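Letter by letter, the chains look like this.
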There are 4 protein chains.
Amino acid sequence: MTAHPVDVVSTAPNDAAADPYDAAVGLSATARALYDRGWMPGTSGNISIRSGADAVLITASGLGKGRLTSADTVLVRADTGAPVRPGSLRPSAETCIHLAVYRAFPAVGAVVHAHPPYATALASRRSRAGGGPVRFTDLELIKGMGRSYLDSIEIPLFANWREVPRIAAEVGEHFARPATDPAPALLIAHHGATTWGADLAEASDRLECLETLCQLALLIGD
Amino acid sequence: MTAHPVDVVSTAPNDAAADPYDAAVGLSATARALYDRGWMPGTSGNISIRSGADAVLITASGLGKGRLTSADTVLVRADTGAPVRPGSLRPSAETCIHLAVYRAFPAVGAVVHAHPPYATALASRRSRAGGGPVRFTDLELIKGMGRSYLDSIEIPLFANWREVPRIAAEVGEHFARPATDPAPALLIAHHGATTWGADLAEASDRLECLETLCQLALLIGD
Amino acid sequence: MTAHPVDVVSTAPNDAAADPYDAAVGLSATARALYDRGWMPGTSGNISIRSGADAVLITASGLGKGRLTSADTVLVRADTGAPVRPGSLRPSAETCIHLAVYRAFPAVGAVVHAHPPYATALASRRSRAGGGPVRFTDLELIKGMGRSYLDSIEIPLFANWREVPRIAAEVGEHFARPATDPAPALLIAHHGATTWGADLAEASDRLECLETLCQLALLIGD
Amino acid sequence: MTAHPVDVVSTAPNDAAADPYDAAVGLSATARALYDRGWMPGTSGNISIRSGADAVLITASGLGKGRLTSADTVLVRADTGAPVRPGSLRPSAETCIHLAVYRAFPAVGAVVHAHPPYATALASRRSRAGGGPVRFTDLELIKGMGRSYLDSIEIPLFANWREVPRIAAEVGEHFARPATDPAPALLIAHHGATTWGADLAEASDRLECLETLCQLALLIGD
């Protein structure tokens, strides 16, 4: 008689937004996972989940992402980014970029922003070469960016203005223009990558695919 | 008196196919392990185990590989790829490639398909340079590809057709041709790598060796 | 009714210096974490926490950093580096560099020294190209080095003298010169990187940001 | 009142050879740790501990290193490499290389052989460039190779003969020649790296330092 091997149940919630506590746990678990990959060094990076029609739950500013717990999140108003309740934690300094994405895409339920090295480096290289979107051609992982197979996908590239609201304004303007099937991602030169999806799992999955696409682009070369 | 250090018992099953539940646990544990390495970003990749003479158990389509559990697998017919029992989960969209391998090699018990970065990049580089098999020479890890030491090994390279059955057909045609000691692996340009073996452990071990061979080829250069 | 997903509480102390035992646990936990990243291969690297006005707790010399426990630390005098109490453990051979940093910056509570590969390689490349500080421009992660956004940051680069006290003396001389907002970090050519902060978490966060800045510089190229 | 942070006790034995069971646990724990780093893909790599004057305990042949347990080791005679007791497990096919090292260095208590990618690639590059030892200059981690600081260290490079005993014979001949303070390591072109030390921890620490030295050499360039 042989014992069955142990079945490991994932702790990553698939529908973290269903409950405020679950949402906060999902944000902190995802932050720690991205930190463990090296994509949120120190206190960098920020993640959010849409909470009802008028609010967004986002990671707090200035805390080490490898040590984040569910208490380290702040509920902010979707229109202004101001905290819904006064408290000691400040929302991420990049909250306005998240809000620009939620306004542009009503079906989006979660936004992830991190500093994965290959995506950041590719964005900087493209910026130095004159800017414009980063285009991937032929690679199978394009499918992982939330669409059926296409011959290519373009990820918009934004400048890293010192004033974060200026980045958010450019993101908002970009996505206000009509577009066919825009990619669920953007790059900021010298800074990092942002992805989004219906829920936190989808947004995070897409960040992994984007980073691998960028790694492949750098490994394959021109 | 000193306490003995703790002995850790591996949870990876060595003969997962002996029992349907074990097989499902083995598939999901292997998927999570390959996800943790970064070789199955997001929902990408798929793994299967032969189940008797007429069926194959394969990972379901569209689920995050880092969150996979034993429930996320589908039993399909080995001849058509259709689910044996109706259910809500769809089998992987690349089931037909797995079936082509099982048909070509009756002794194969498991097939692993993932997107390891060095193998994928090397396949794409070779494709751009005109295609043909990827050949490794002299490297000791050739032994890890399931054969005694040889001076070289050739891994066949396939095009990444938009229609997956066309890839599967080309894989089937390739292995239908008589060959001496064919490698237990194939590469798909711009896509990824597939390996197989008598059981899941052997198929997975070979994927690790193939990825390291590709990493070494890129590090050593021409 | 659905169970809440598990909330994981971080074991990394945020204010490890508040208690001597906590400080020792913090040092060993941080050493193991940096070892797991590959930044403290074998017995290399050393970490310290300021302990009151006159002493510093530092990791012991010659012990494997992946096996470090809270017992593997030594309390030394801040003026001489000699152990406060006689014992079998010797303090790190690089204690004098830590002390030079504590003397230069009274607000610093912790110092981390490790051998992260990109920082070490970039320091060596800069040394071969004639030396002088390593300068980062535009990159968002400059913010992670403990300052508001600046267009650039300069990390001083020191030579790796065979006699460690000579390195410490040059570090002390460098920081004794008046400077506006010096970076909380230094590089030693062919050797590694040292960062500091108000507490262990801040010093360690900054090391992660510095290593990522160096990785980006190498990936982006000239 | 604040709870003390959790102190994690390492499970890696520091003196695994003191007891046969501890030695077997140490071998398998080290194998799994090196597998987790990606340095023992599939079933590759082998580790041994000296067991008394006449025997060596070594990992068994052909088993996945990520799944190794204490039962997967074989006691062999130090003179012939034959198993001390008949059994179903075969000792590693590279046992003879381990024995050559033990014969050359009576104080050595453990030998580790793995396929770390940077060491393997550097060995192959050096072989292609005409062979001869791999020399490291100036790098601080030279200290981690078991010696006081030197301006340089030379790691002997061996050819990867198809017949393993021929490699072992060349290793034995090399170390039979008088040498001042030989490095506790060797490289085999297209194959991997071997290190040794007084105990398993020291041998393993040195492998980490050697791999980092090789990574730095490749990152720094010529």
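Fair warning: this is a prediction, and the values are worked out from it, not measured in the lab. (Residues numbered from 1 in each chain as written. Chains lettered and ligands numbered in written order. Predicted model: local features only at pLDDT ≥ 70, side-chain atom pairs only at ≥ 80, totals over all residues. Heavy atoms only, no water.)

Draft legend 1. Broad picture of the relation of the copies chain A and chain C. When chain A is fitted to chain C, the residual RMSD is 0.0 Å, and the transformation amounts to a turn of 90 degrees plus an axial shift of 0.0 Å. Between the two chains, the operation in question is that of a four-fold axis. Considering only C-alpha atoms, the part of chain A nearest the rotation axis is R37 of chain A, at 7.0 Å. (Least-squares fit on C-alpha atoms with pLDDT ≥ 70 in both.)

Draft legend 2. Local environment of the interface of chain A and chain C. The interface of chain A with chain C comprises 32 residues on the first partner and 27 residues on the second. Here chain A and chain C share an interface that buries about 2600 Å² over both sides, 55% of which is from carbon and sulfur atoms. When the area that chain A buries against chain C is broken down by residue, the three leading residues are R67, R162 and H190 of chain A, summing to 24%. Linking chain A with chain C are one salt bridge, by the criterion used here. A salt bridge links D205 of chain C to R67 of chain A, with the shortest nitrogen-to-oxygen separation between them at 3.0 Å. Going through the elements one at a time, α1 (20–36) and α3 (117–128) of chain A are the ones with two or more residues in the side of chain A that touches chain C. The element contributing the most residues to the side of chain A that touches chain C is α3 of chain A, with seven residues. Looking at the side of chain A that touches chain C residue by residue, the class counts come to nine nonpolar, 15 polar and eight charged. (Contact = heavy atoms within 4.5 Å. Buried area = accessible area lost by both parts, 1.4 Å probe. Salt bridge = Lys/Arg side-chain N within 4 Å of Asp/Glu carboxyl O. Helix = DSSP H or I, 4+ residues; strand = E, 2+ residues; numbered from the N terminus. Nonpolar A, V, L, I, M, F, W, Y, C, P; charged D, E, K, R; others polar.)

Draft legend 3. Layout of the interface of chain D and chain B. Listed by partner, the interface residues are 32 residues for chain D and 27 residues for chain B. Between chain D and chain B lies a buried interface of about 2600 Å² when both sides are counted; carbon and sulfur atoms form 55% of it. By the criterion of area lost to chain B, the three top residues of chain D are R67, R162 and H190 of chain D, representing 24% of everything that side buries. The interface formed by chain D and chain B contains one salt bridge. Where chain D touches chain B, the interface holds nine residue pairs in polar contact (both at pLDDT 80 or more). For the side of chain D that touches chain B, the secondary-structure elements that each account for two or more residues are α1 (20–36) and α3 (117–128) of chain D. Broken down by element, the side of chain D that touches chain B gets its largest block of residues, seven residues, from α3 of chain D. (Polar contact = N/O pair within 3.5 Å; in protein donor to acceptor, adjacent residues only side chain to side chain.)

Draft legend 4. Fine view of the environment of D19 of chain B. Residue and element names in this part refer to chain B. Along the chain, the position of D19 falls in the segment before α1 (20–36). Classification of D19 by relative accessible area gives partly exposed; the value is 25%. In the structure, D19 is positioned 32 residues away from S51 in sequence and 9.0 Å away in space, judged by C-alpha atoms. (Buried < 20%, exposed > 50% of the residue type's maximum accessible area, 1.4 Å probe, protein only.)

Draft legend 5. Representation of the side chain of T194 of chain A in the model. Residue and element names in this part refer to chain A. Within the secondary structure, T194 is located in strand β9 (residues 192–197). Only 3.0 Å separates the side chain of T194 from the side chain of H113, close enough to count as a polar contact. Once residues lying within four places of it in the same chain are set aside, the contact partners of T194 are V111, V112, H113, P184, A185 and L186.

Draft legend 6. Representation of unusual backbone geometry. Despite not being glycine, D181 of chain A has its phi angle at roughly 50 degrees, a positive value. Along the chain, the position of D181 of chain A falls in the loop between α4 (164–176) and β8 (185–188). Judged by its relative accessible area of 42%, D181 of chain A falls in the partly exposed class. Of note in this structure, H190 of chain B is not a glycine but carries a positive phi near 60 degrees. Inspection of the secondary structure assignment puts H190 of chain B in the loop between β8 (185–188) and β9 (192–197).

Draft legend 7. Highlighting the sheet that holds strand β1 (residues 46–51) of chain B. Residues and elements named next belong to chain B. Taken together, seven strands build an open sheet; the order of strands is β3-β2-β1-β4-β9-β8-β7 and the sheet is mixed. Whereas interior strands pair on both sides, the edge strands pair on one side only; in this sheet they are β3 (73–77) and β7 (157–158). The sheet strands contacting helix α4 (residues 164–176) are β7, β8 and β9, and the helix crosses β8 at an angle near 140 degrees. Here helix α5 (residues 200–220) sits on the sheet and contacts β1, β4 (110–114), β8 and β9; the angle it forms with β9, its principal contact strand, is near 140 degrees. (Pairing = 2+ DSSP bridges. Axes fitted to C-alpha atoms, helices over the stretch in contact; angles between N-to-C directions.)

Draft legend 8. Broad picture of the arrangement of the chains. No part of chain B reaches chain C; the closest C-alpha pair between them is 13 Å apart. There is a clear gap between chain A and chain D: no contact, and 13 Å between their nearest C-alpha atoms.

Draft legend 9. Focus on the packing of aromatic side chains. Summed over the entire model, instances satisfying the criterion amount to twelve aromatic pairs over all chains. Taken together, a centroid distance of 5.0 Å and an interplanar angle of 65 degrees make the contact between F105 of chain C and F175 of chain C edge-to-face. Of the two residues, F105 of chain C sits in the loop between α2 (95–104) and β4 (110–114) while F175 of chain C sits in helix α4 (residues 164–176), which places them 70 residues apart along the sequence. Of the two residues, F105 of chain C and F175 of chain C, neither departs from the other in class, the shared state being buried. For F105 of chain C, a relative accessible area of 17% corresponds to the buried category. Against the face of W161 of chain A rests R166 of chain A, its NZ or CZ located 3.4 Å from the ring centre. (Phe/Tyr/Trp six-rings, centres within 6.5 Å; stacked < 30°, edge-to-face > 60°. Lys NZ or Arg CZ within 6 Å of the ring centre and 35° of its normal.)

Draft legend 10. Region of interest: the packing of α3 of chain A against helix α5 (residues 200–220) of chain A. Residue and element names in this part refer to chain A. Following both chains from N to C, one finds α3 and α5 inclined at 60 degrees, their axes separated by 7 Å at the closest point. Judged by the angle between their axes, α3 and α5 are oblique. Once α3 is placed against α5, the crossing between them reads as left-handed. Two secondary-structure elements touch here, α3 through P117, Y118, A119, L122 and R125 and α5 through E211, C214, Q215, A217 and L218. (Parallel < 35°, antiparallel > 145°, perpendicular 65-115°, else oblique. Left-handed = near helix turned anticlockwise from the far one by under 90°.)

Draft legend 11. Expanded view of the environment of A110 of chain A. Residues and elements named next belong to chain A. Among the secondary structure elements, A110 is positioned in strand β4 (residues 110–114). Taking the C-alpha atoms as reference, A110 lies 15 Å from E208; in sequence the two are 98 residues apart. Setting aside residues no more than four positions away along its own chain, A110 makes contact with S48, I49, Y102, T195, W196, G197, A198, D199, L200 and A203.

Draft legend 12. Quick look at the pattern of salt bridges. All names here are of chain B. Under the counting rule described, the total for this entry stands at 24 salt bridges over all chains. A salt bridge links D79 to R77, with the shortest nitrogen-to-oxygen separation between them at 2.7 Å. Given a relative accessible area of 40%, R77 falls into the partly exposed group.

Draft legend 13. Spotlight on the sheet that holds β8 of chain A. Residue and element names in this part refer to chain A. With respect to topology, seven strands assemble into an open sheet ordered β3-β2-β1-β4-β9-β8-β7, the strand pairing being mixed. With partners counted over all chains shown, the strands left at the sheet margins are β3 (73–77) and β7 (157–158), one partner each. Pairing analysis gives four bridges linking β8 to β9, with the strands arranged antiparallel. Residue pairing across strands places A185 opposite T195, the latter belonging to β9. Along the sheet face, α5 touches β1 (46–51), β4, β8 and β9 and points at about 140 degrees away from the line of β9.

Draft legend 14. Fine view of the packing of α1 of chain B against α5 of chain B. Residues and elements named next belong to chain B. At their nearest, the axes of α1 and α5 sit 11 Å apart, and the two run at 15 degrees to each other. In terms of orientation, α1 lies roughly parallel with respect to α5. In the packing of α1 onto α5, the handedness of the crossing is right-handed. Contact residues: α1 offers G26, L27, T30 and L34, while α5 offers L200, S204 and L207. Of the residues belonging to the contact of α1 with α5, the class tally is four nonpolar, three polar and no charged.

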